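Inside the fold
Residues per chain, in single letters:
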There are 2 protein chains.
Amino acid sequence: MKIENVNPADIEKRSMEIIESEADFTGFSDSERLILKRIIHTTADFDYIKNIRFSENAVESGLNALKSNAVIVTDTKMILSGISKPALKALGCEVHCFVSDPDVVADAKKYNTTRAIQAIHKAVDEFRDRNIIFAVGNAPTALICLHELILSEEINPALIIGVPVGFVNVVQSKNLIMSDKIPYIVSEGRKGGSTVAVSICNALLYQLYDRKTGEVLL
Amino acid sequence: MKIENVNPADIEKRSMEIIESEADFTGFSDSERLILKRIIHTTADFDYIKNIRFSENAVESGLNALKSNAVIVTDTKMILSGISKPALKALGCEVHCFVSDPDVVADAKKYNTTRAIQAIHKAVDEFRDRNIIFAVGNAPTALICLHELILSEEINPALIIGVPVGFVNVVQSKNLIMSDKIPYIVSEGRKGGSTVAVSICNALLYQLYDRKTGEVLL
């Protein structure tokens, strides 16, 4: 297998062509396809076509939030690090991750709970009047906490990206979120992770922001 | 499926037990198993047992480098973000990622090449006399560049973690690295990514650093 001669600027385009030629996206909207293609681009795992569940209004609600100065709240520093900063800046949006904040770490110890849960509570306090997109790629406890806050009507998030990965309560936490009447994008089953969360966030952002020109597309 | 009641401090242990009960690690050394288990913990993808290739002395060379103030050079900010900072600090090691440095970005444009390649050149210049572990989770061009520098005997890395993900020259770049006479840990095929690179780095670090006590285990 020889090295393929592709101009650096065209590598992503060529990747997407290969993905399109191998995958079947029947039944998904154009916006959903952009998200699925970016997830596969990021994981080389076609399972996500079967695993990803979009609630009916998920993409629309996520895009509307990003058009209205949304705050993205993540449960890992890796997600924070991977989300496109130029796109966020151009759209007047922000991203925050509180899991390593000293008060969050201290409270998690104090209450024998997870940092992810304490970070959710901090975010909810801090951004009470904002459009929030939660992007959870690691901690099922964060999703379970969000589910409880939705049930008690303490939050009404614009979108929950629920893609934690793993073996303990991961499947269960995603099922809880999918039982809620809120906009969600969830990877059913065990798979997911920080790179999947990032690819969903960036696939939304790039529908509103042209990376070549830096233009906002509203 | 009900929520399993697991103490936050025991979630990772419980995950590893589930992974062990479902996977067959026959033929791998204890150190290699720790790496494979952490990759599966991070991806929920058992394919990696089949895909990961360890060169004969890979783990030993990586561990020795981390005992001798190694520099880890990554090709993404997400990898930089995910590698355990307390472990690095305790061991006197560092991690760097140059892909977003203004000089790297400018040179990539100037030479119509990738930022990943320019970042490798910068790292090689900067850390000429150091033990270097390269952790590549995204850019096959970085691996191809490393292969050329190995052939021309300009570098002699302690370890190459070659786990880029994707569709354009990813398979080829990994095959090139596996043809080199250097220590490598490679995910054969298309799969890999930043989380896989992080899990390999941290699985090495945690063999030398006790996360509970903060002790260095030499």
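Below or above, wherever it landed, is the structure these notes cover. Since we're looking at a predicted model, the values are computed, not measured.

Residues and elements named next belong to chain B. As summarised here, the arrangement of the six strands in space is β1-β6-β5-β4-β2-β3, forming an open sheet in which the pairing is mixed. Looking at which strands have only one partner, the edges of the open sheet turn out to be β1 (52-54) and β3 (94-97). Across the sheet, the axes of successive neighbouring strands diverge by a mean angle of 15°, strand direction being ignored. As paired elements, strand β4 (residues 132-136) and strand β5 (residues 159-162) share four bridges and run parallel to each other. Counterpart to phenylalanine 134 in the pairing with β5 is isoleucine 160.

Turning chain B through 180° and shifting it by 0.0 Å along the axis lays it on chain A, with an RMSD of 0.0 Å. The superposition of one copy onto the other is thereby described by a two-fold rotation axis. No C-alpha of chain B lies nearer the rotation axis than that of B:Met78, which sits 2.5 Å from it.

Okay, helix α10 (residues 170-178) of chain B next. Every buried residue of α10(B) is listed here: B:Val170, B:Gln172, B:Ser173, B:Lys174, B:Ile177 and B:Met178. Contact partners of the buried residues in α10(B): β1, α9 (140-151), β5 and β6 (184-187) of chain B.

Looking now at helix α9 (residues 140-151) of chain A. All names here are of chain A. Along its 12 residues, α9 runs 17 Å from first to last C-alpha, staying within 8% of the 16 Å computed at 1.5 Å per residue. Within α9, burial applies to Pro140, Thr141, Ala142, Leu143, Ile144, Cys145, Leu146, His147, Leu149 and Ile150. Summarising the contacts, the buried residues of α9 are in contact with α8 (115-126), β4 (132-136), β5 (159-162) and α10 (170-178). Glutamate 153 sits one or two residues past α9 and shows a positive phi near 60°.

Next up on the list: the interface of chain B and chain A. Across the boundary between the two partners, chain B contributes 41 residues, which contact 42 residues of chain A. Here chain B and chain A share an interface that buries about 3,300 Å² over both sides, 67% of which is from carbon and sulfur atoms. When the buried area of chain B at its contact with chain A is split by residue, B:Met78, B:Phe167 and B:Val168 rank highest and sum to 21% of it. Linking chain B with chain A are four salt bridges. Notably, a salt bridge pairs A:Arg190 with B:Glu22, separated by 2.6 Å at the nearest N-O pair. Along the contact surface separating chain B from chain A lie 10 residue pairs in polar contact (both at pLDDT 80 or more). Of all the elements in the fold, those that place two or more residues in the side of chain B that touches chain A are α1 (11-22), α2 (30-43), α5 (77-82), α10 and α11 (194-205) of chain B. A per-element tally of the side of chain B that touches chain A places α1(B) first, with six residues. Looking at side-chain class alone, the side of chain B that touches chain A contains 18 nonpolar, 15 polar and eight charged residues.

Rules of the game
Residues numbered from 1 in each chain as written. Chains lettered and ligands numbered in written order. Predicted model: local features only at pLDDT ≥ 70, side-chain atom pairs only at ≥ 80, totals over all residues. Heavy atoms only, no water. Pairing = 2+ DSSP bridges. Helix = DSSP H or I, 4+ residues; strand = E, 2+ residues; numbered from the N terminus. Axes fitted to C-alpha atoms, helices over the stretch in contact; angles between N-to-C directions. Least-squares fit on C-alpha atoms with pLDDT ≥ 70 in both. Buried < 20%, exposed > 50% of the residue type's maximum accessible area, 1.4 Å probe, protein only. Contact = heavy atoms within 4.5 Å. Expected span 1.5 Å × (residues − 1). Buried area = accessible area lost by both parts, 1.4 Å probe. Salt bridge = Lys/Arg side-chain N within 4 Å of Asp/Glu carboxyl O. Polar contact = N/O pair within 3.5 Å; in protein donor to acceptor, adjacent residues only side chain to side chain. Nonpolar A, V, L, I, M, F, W, Y, C, P; charged D, E, K, R; others polar.

Such coordinate-based values are descriptive only and should not be taken to indicate function.
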